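A closer look at the structure
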2 protein chains.
Amino acid sequence: MESNNRNKESKHISNAVIRRLPRYYRYLGELINEGYERISSKDLSIRMHVTASQIRQDLNNFGGFGQQGYGYNVRYLHGEIGKILGLDETHNIVIVGIGNIGHALAGYLMPDRNGFHLCGLFDSDPDKVGKVVAGLTVHSIEELPAFIRDNHVEIATLAVPGSAAREVADLVVRNGVKSIWNFALIDLNLCVPKGVIVENVHLLESLMRLSYDSKKKNEK
Amino acid sequence: MESNNRNKESKHISNAVIRRLPRYYRYLGELINEGYERISSKDLSIRMHVTASQIRQDLNNFGGFGQQGYGYNVRYLHGEIGKILGLDETHNIVIVGIGNIGHALAGYLMPDRNGFHLCGLFDSDPDKVGKVVAGLTVHSIEELPAFIRDNHVEIATLAVPGSAAREVADLVVRNGVKSIWNFALIDLNLCVPKGVIVENVHLLESLMRLSYDSKKKNEK
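Residues numbered from 1 in each chain as written. Chains lettered and ligands numbered in written order. Predicted model: local features only at pLDDT ≥ 70, side-chain atom pairs only at ≥ 80, totals over all residues. Heavy atoms only, no water.

Our next topic: the overall build of chain A. For chain A, the helix and strand inventory stands at eight helices and 10 strands. Oriented by its inertia axes, the alpha-carbon framework of chain A measures out at about 65 × 55 × 35 Å. Out of the 220 residues in chain A, the part that is buried amounts to 53%. In chain A, 58% of the contacts between residues at least 6 apart in sequence involve partners at least 24 apart. Here chain A displays about 10200 Å² of accessible surface, and carbon together with sulfur accounts for 48% of that area. (Helix = DSSP H or I, 4+ residues; strand = E, 2+ residues; numbered from the N terminus. Buried < 20%, exposed > 50% of the residue type's maximum accessible area, 1.4 Å probe, protein only. Contact = heavy atoms within 4.5 Å. Areas by Shrake-Rupley, 256 points an atom, 1.4 Å probe, with all protein chains shown as cover.)

This is the structure we're talking about:
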């Protein structure tokens, strides 16, 4: 049953539900762009290819937001999920390592996306320092500690080689960063102190899973 | 118990095990670089921060490869997992969409990585066609169908905007591609025919999960 109960934070929310929230956010954003004002859990379920029951269960974790016979108010639900995800606040981000991936991420994050504000680029290579990428000047990694403290940097993006990742992670954590978006092929979550959050994007391993699946399919 | 049984393909291998294989492959590669010839499941478990029992269970899915009292032959196990992942074969890849992300992926994949061979870059923007990126010339998307057929392209990387992703996916699938590495923020797996494999890398949603975790932690 959908309910309007705002009894948030009262129960443990599973990781699986959390991982689905950005997807809800995305579909609701599309509905807004298409001019929808409200949607039933059934219609949303058809769009998202999940059951209406799962949608109701998922959203009930956060107090429901739906009304029986009316469905969900699309803009309201989008806003509430955005708040849950912390997208109503600004998150200052730096990128460390301006190679192929760091360069691309700079372009990807400019201009601000959903409250994520790229404010600094850093590299240890003197040839890269001083260059302008996506409108920002690349600074020396030696300037990183002071920059983090002066600019309330929340998220450090690590696009450095695996061999350098641990040292850079130590550096940013020592200076107050609590969240790391890690593109280096190393299990950083095993190296950082408790309380620091790491989200890994391991591109090569993603490609290997594709290769495995493809090989498997061909064997059938 | 470790065993030398080669009874592969005899049981269903869970998705969780599969998703761990690239990580085994990476750790074993590091061991080779450090000069290790063999390693016990216990020592490997300490490195990887998983239980020795899980390592034995995981690797037994593929026939074990270990010998009691000896442990695992590092180079052999690395090679066997590589074969399971299909890394002993060449996989021809194209990238469609040479914006920030496509450009970075081209640089990332050149030269060949673990059997992944980038052979073509495509874009619909006439201003990009003819440019050289990571040593390859960008071709018009109109040349893509013939190119896929002539070059035995297995994997198409989609680094196009979400609004164009479905059309490009249809195009590559119609011409024989069975594996899609998808960076567009759209659930392509819901749009492609059965038998086509999609591996999504949704960068913005990864960042949103980081933001959620970070917000959650701050509330505690």
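Residues and elements named next belong to chain A. For the pair helix 1 (residues 15–33) and helix 4 (residues 74–84), interaxial distance at closest approach is 9 Å and the crossing angle is 145°. The two elements helix 1 and helix 4 meet at a crossing, and its hand is left-handed. Residue-level inspection shows Leu21, Tyr24, Tyr25, Leu28, Gly29, Leu31 and Ile32 of helix 1 in contact with helix 4, the latter providing Val74, Arg75, Leu77, His78, Ile81, Gly82 and Ile84. Taken together, the residues of the contact of helix 1 with helix 4 sort by class into 10 nonpolar, three polar and one charged. (Axes fitted to C-alpha atoms, helices over the stretch in contact; angles between N-to-C directions. Left-handed = near helix turned anticlockwise from the far one by under 90°. Nonpolar A, V, L, I, M, F, W, Y, C, P; charged D, E, K, R; others polar.)

Here we come to the sheet that holds strand 4 (residues 91–96) of chain A. Sheet strands associate in pairs through backbone hydrogen bonding, adopting either a parallel or an antiparallel arrangement. All names here are of chain A. In space, the seven strands of this open sheet follow the order 6-7-5-4-8-9-10, with mixed pairing throughout. A strand with exactly one partner marks an edge of an open sheet, and here the two such strands are strand 6 (132–133) and strand 10 (197–200). In this sheet, strand 10 lies alongside strand 9 (residues 179–182) in parallel orientation, the contact comprising four bridges. In the strand pairing of strand 10, Ser179 is matched with Ile197. (Pairing = 2+ DSSP bridges.)

How large an interface is tends to be reported as the accessible area lost when its parts come together. Tallying the contact residues gives 63 residues for chain A and 63 residues for chain B. Across the interface of chain A and chain B, roughly 5600 Å² is buried in total on both sides, 63% from carbon and sulfur atoms. Among the ionic pairs, B:Arg209 bridges to A:Glu199, the shortest N-O distance being 3.6 Å. Seen at the junction of chain A and chain B, the total is 22 residue pairs in polar contact (both at pLDDT 80 or more). Counting only elements with at least two residues in the side of chain A that touches chain B, the list comes to helix 1, helix 4, strand 4, helix 5 (100–109), strand 9, strand 10 and helix 8 (203–219) of chain A. Split by residue class, the side of chain A that touches chain B holds 32 nonpolar, 12 polar and 19 charged. (Buried area = accessible area lost by both parts, 1.4 Å probe. Salt bridge = Lys/Arg side-chain N within 4 Å of Asp/Glu carboxyl O. Polar contact = N/O pair within 3.5 Å; in protein donor to acceptor, adjacent residues only side chain to side chain.)

Now for the packing of aromatic side chains. Think of a pair of aromatic rings as described by two things: how far the centres are apart, and how the planes are tilted against each other in angle. Residues and elements named next belong to chain A. In this structure the tally under the stated criterion is four aromatic pairs over all chains. Judged by centre distance (5.1 Å) and plane angle (70°), the rings of Phe122 and Phe147 are edge-to-face. With a gap of 25 residues between them, Phe122 in strand 5 (residues 116–123) and Phe147 in helix 6 (residues 144–150) connect regions that are remote in the sequence. Accessibility assignment for this pair places Phe122 and Phe147 in one class, buried. (Phe/Tyr/Trp six-rings, centres within 6.5 Å; stacked < 30°, edge-to-face > 60°.)

Take the pairing of strand 9 (residues 179–182) of chain B next. Two faces belong to every sheet, and in a regular strand the side chains alternate between them. What you see with strand 9 of chain B is no split at all: B:Ser179 and B:Trp181 on one side and B:Ile180 and B:Asn182 on the other are buried throughout. Crossover handedness for the path strand 8 (residues 155–158) of chain B to helix 7 (residues 162–174) of chain B to strand 9 of chain B: right-handed. (Right-handed = clockwise from strand over helix to strand, strands pointing away.)

This part takes up the packing of helix 5 of chain A against helix 5 (residues 100–109) of chain B. Here helix 5 of chain A crosses helix 5 of chain B at 175°, and the two axes come no closer than 8 Å. Judged on the interaxial angle alone, helix 5 of chain B and helix 5 of chain A are roughly antiparallel. Note on element contacts: helix 5 of chain B touches helix 5 of chain A through B:Asn100, B:Ile101, B:Ala104, B:Gly107 and B:Tyr108, opposite A:Asn100, A:Ile101, A:Ala104, A:Gly107 and A:Tyr108. Of the residues assigned to the contact of helix 5 of chain A with helix 5 of chain B, the class counts are six nonpolar, four polar and no charged. (Parallel < 35°, antiparallel > 145°, perpendicular 65-115°, else oblique.)

Moving on: the side chain of A:His91. Tracing the backbone shows A:His91 in strand 4. In terms of polar contacts, A:His91 uses its side chain to reach the side chain of B:Ser211, at 3.3 Å.

A:Trp181 and B:Trp181 are the most contacted members of the largest nonpolar core, which has 100 residues in total. Residues B:Ile141, B:Phe147, B:Ile148 and B:Val196 belong to the second largest nonpolar core, which totals 27 residues. (Core = buried A, V, L, I, M, F, W, Y, C linked by side-chain atoms within 4.5 Å.)

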